[in-house]
Amino acid sequence: MEKAGCSLDASSYELMIPSLAKSGRLDAAFKLFQQMKVNNFRPGFGIFASLVDSMGKAGRLDTSLKVYTEMLEGFGLRPSATMFISLIESFVKAGKLETALRLWNEMKKIRIWKRRDFLPIPSTYSSLLEMHCASGNVDAALKLYNSMTNAGLRPGLSTYTALLTLLAKKKLLDVSAKILLEMKAMGYSVDVNASDVLMVYLTDGSVDLALRWLIFMGSSAIRTDNFIIRQLFESCMKNGLYEQAKPLLETYVNSAAKVDLVLYTSILAHLVRCQDENKERHLMSILSATRHKAHTFVCGLFTGPEQRKQPVLSFVREFVQGIDYELEEGASRHFVNVDLGESLLFPLAKNKLFPKAIVFDQHIAWSLDVRNLSVGAALVAVVHKLHRFRKRMLYYGVVPRRIKLVTGPTLKIMVAQMLSSVESPFEVSKVVLRAPGDVVLDWFKKPIVQQFLLNEISSRADILMHKLNIIFPTSAPEIRSLSPHLLVAGKAI
């Protein structure tokens, strides 16, 4: 047209600039916009609206705001609600909340709300509200939420999620409950959002708030999953809230969830460290509520053979064989090595019920007194403490003159029989098993003894190699692998 000598008129500009802007050719559209003003044509509202919208959506916010300001101040045109919404959403998506709020307030001052042809768009409310939540502005977020609901608009799921997360972080439990019930009344499924609020309280260490929120969820028929129930139970145990912990565990068990050995072991560890009699009752009640087979085993160790109806060794062997080592190997080792030994033996010394149960007399004598324990407890205590003696002797080089196991006349047969399976060096007298320290040190160095004291189940190959070491006492394993006739031939040579 220019080559033909035809100049663009106002209608041509009005047609071309919006078309170029909507098609993404923003530089060409803006160039024509500047040329239109140079040629003394007055841009119409459609040109400004298309440029503001297209520039904002393309992320060119400065240019979009510049065109908007020029329209408002230079040409005296009044922005529409659609233009405001486009500008606000563009700045919100870019994270520029201050500019978005300024535009929002300008829109309210112009009183566009009172026009009959305008209905506020939910996405504008949601964008601003979610930005307030992300920046932690509780008052502004709630004000926008109330304005949105009063206008008859339905907040989206992401809006509710952002608002509930903010309220949970600010520990506003009552307001969170109100918002969640309103969300439920809107027809949303609220189980996941309620559980997320509960996890926020647990992560922040607010166990009291988490318990109150769980009570609210129960009263409102809102469910949560077993994972969160277990997390809350463990938090209650950690904070010593045993009375509140037991109902949580019962809920966990009654919902067909399995209490594994890890969880049972953690409860048993709390019992070991407990110094209060009332709390011990609560802990024993919690252990019983687990319905785990390990609890039957622990209780059986403290009872006599009449109630147990089988020898203690058979009882222990049956429990060990029933452990699923593929799934619970680490937990079972911890249960046997640490918690049983700690719970059955060390409280005797720590609580000073039997202050002379464990005696270290430097290089003279070490002794262990298990006369006051049951058969099962005594066997576990002996193995556990011998393991401690072994570490003290091998790692620190401290070797006493003698080691004594004070068993009394009743327990000596059971303890001696257990240790005889690994060639015990202890001599049995009326009430004591004793052995010289250097002899026990050599005994500790045998691999099968180490496995026994670590509560590891020896394989058949380990037992066979141990027997070969006894039959052929030599330090050269490659010679033991030779057949007998080759050894004889070697001696003849």
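Bear in mind that the values here come from a model prediction, so they are computed numbers and not experimental data. (Residues numbered from 1 in each chain as written. Predicted model: local features only at pLDDT ≥ 70, side-chain atom pairs only at ≥ 80, totals over all residues. Heavy atoms only, no water.)

## Brief notes about the overall build of the protein chain
Turning to step 1, where the next piece is worked out: A count of helical and extended segments in the protein chain gives 28 helices and 5 strands.
Turning to step 2, where the next piece is worked out: Buried residues in the protein chain amount to 44% of all 493 residues.
Turning to step 3, where the next piece is worked out: Across the protein chain, contacts joining residues at least 24 apart in sequence account for 61% of those joining residues at least 6 apart.
Turning to step 4, where the next piece is worked out: Just so you have it, the protein chain exposes about 26,800 Å², and 55% of that area is on carbon and sulfur atoms. (Helix = DSSP H or I, 4+ residues; strand = E, 2+ residues; numbered from the N terminus. Buried < 20%, exposed > 50% of the residue type's maximum accessible area, 1.4 Å probe, protein only. Contact = heavy atoms within 4.5 Å. Areas by Shrake-Rupley, 256 points an atom, 1.4 Å probe, with all protein chains shown as cover.)

## Quick notes on a nonpolar patch on the surface
Turning to step 1, where the next piece is worked out: Residues Leu394, Tyr395 and Tyr396 make up a contiguous nonpolar surface patch of about 380 Å² in total accessible area.
Turning to step 2, where the next piece is worked out: Mapped onto the fold, Leu394 is located in helix H22 (residues 375-396). (Patch = residues over 30% accessible without salt bridge, like charges linked within 9 Å, V, L, I, M, F, W, Y side chains within 5 Å. Salt bridge = Lys/Arg side-chain N within 4 Å of Asp/Glu carboxyl O.)

## A look at the UniProt feature "repeat: PPR" (unreviewed entry) in the protein chain
Turning to step 1, where the next piece is worked out: Following the UniProt record, one finds the feature "repeat: PPR" (unreviewed entry) at residues 9-43, 80-114 and 121-155.
Turning to step 2, where the next piece is worked out: Across residues 9-43 one finds 74% helix and 0% strand; the C-alpha atoms that close the span lie 11 Å apart. (UniProt positions renumbered as here; feature names shortened; annotations may be inferred.)

## So, the nonpolar core
The tendency in soluble globular proteins is for nonpolar side chains to be buried side by side.
Turning to step 1, where the next piece is worked out: Ranked by size, the top nonpolar core spans 98 residues in total, and within it Trp213 and Leu249 carry the most contacts.
Turning to step 2, where the next piece is worked out: Examining the composition of this core, we find that 8 residues originate from one element, helix H12 (residues 207-219), more than from any other.
Turning to step 3, where the next piece is worked out: Excluding residues within four positions of it along the chain, Leu249 makes contact with Phe233, Val259, Leu263, Ile267, Ile286, Ala289 and Thr290.
Turning to step 4, where the next piece is worked out: Membership of the second largest hydrophobic core comes to 31 residues, among which are Ala378, Val383, Leu411 and Leu419. (Core = buried A, V, L, I, M, F, W, Y, C linked by side-chain atoms within 4.5 Å.)

## Notes on the pairing of strand E5 (residues 432-436)
Turning to step 1, where the next piece is worked out: Two strands pair when backbone bridges link them, and strand E3 (residues 402-406) and E5 are joined in this way by 5 bridges, in the antiparallel orientation. If you follow Ile403 over to E5, its bridge partner there is Ala435.
Turning to step 2, where the next piece is worked out: Pairing geometry for strand E4 (residues 427-428) and E5, over 2 bridges, is antiparallel. Along E5, the bridge assignment pairs Val428 with Leu433. (Pairing = 2+ DSSP bridges.)

## Considerations on the confidence of the model for the protein chain
Turning to step 1, where the next piece is worked out: Confidence in the prediction of the protein chain, expressed as mean pLDDT, is 76, and 75% of residues score 70 or more.
Turning to step 2, where the next piece is worked out: The model gives residues 342-355 a pLDDT under 50, and that stretch makes 29 contacts with residues more than four places away or in other chains.
Turning to step 3, where the next piece is worked out: In this model, residues 474-493 is a region of pLDDT below 50 whose contacts with residues beyond four sequence positions or in other chains number 7 contacts. (pLDDT = per-residue confidence, 0-100.)

## As for the packing of helix H8 (residues 138-150) against helix H9 (residues 157-169)
Turning to step 1, where the next piece is worked out: Where H8 meets H9, the closest approach of the two axes is 11 Å, and the angle between their N-to-C directions is 145°. Both H8 and H9 take part in a crossing whose hand is left-handed. Here Val138, Ala141, Leu142 and Tyr145 of H8 come into contact with H9, specifically with Tyr160, Leu163, Leu166 and Leu167.
Turning to step 2, where the next piece is worked out: Of the residues contributing to the contact of H8 with H9, the split by class is 8 nonpolar, no polar and no charged. (Axes fitted to C-alpha atoms, helices over the stretch in contact; angles between N-to-C directions. Left-handed = near helix turned anticlockwise from the far one by under 90°. Nonpolar A, V, L, I, M, F, W, Y, C, P; charged D, E, K, R; others polar.)

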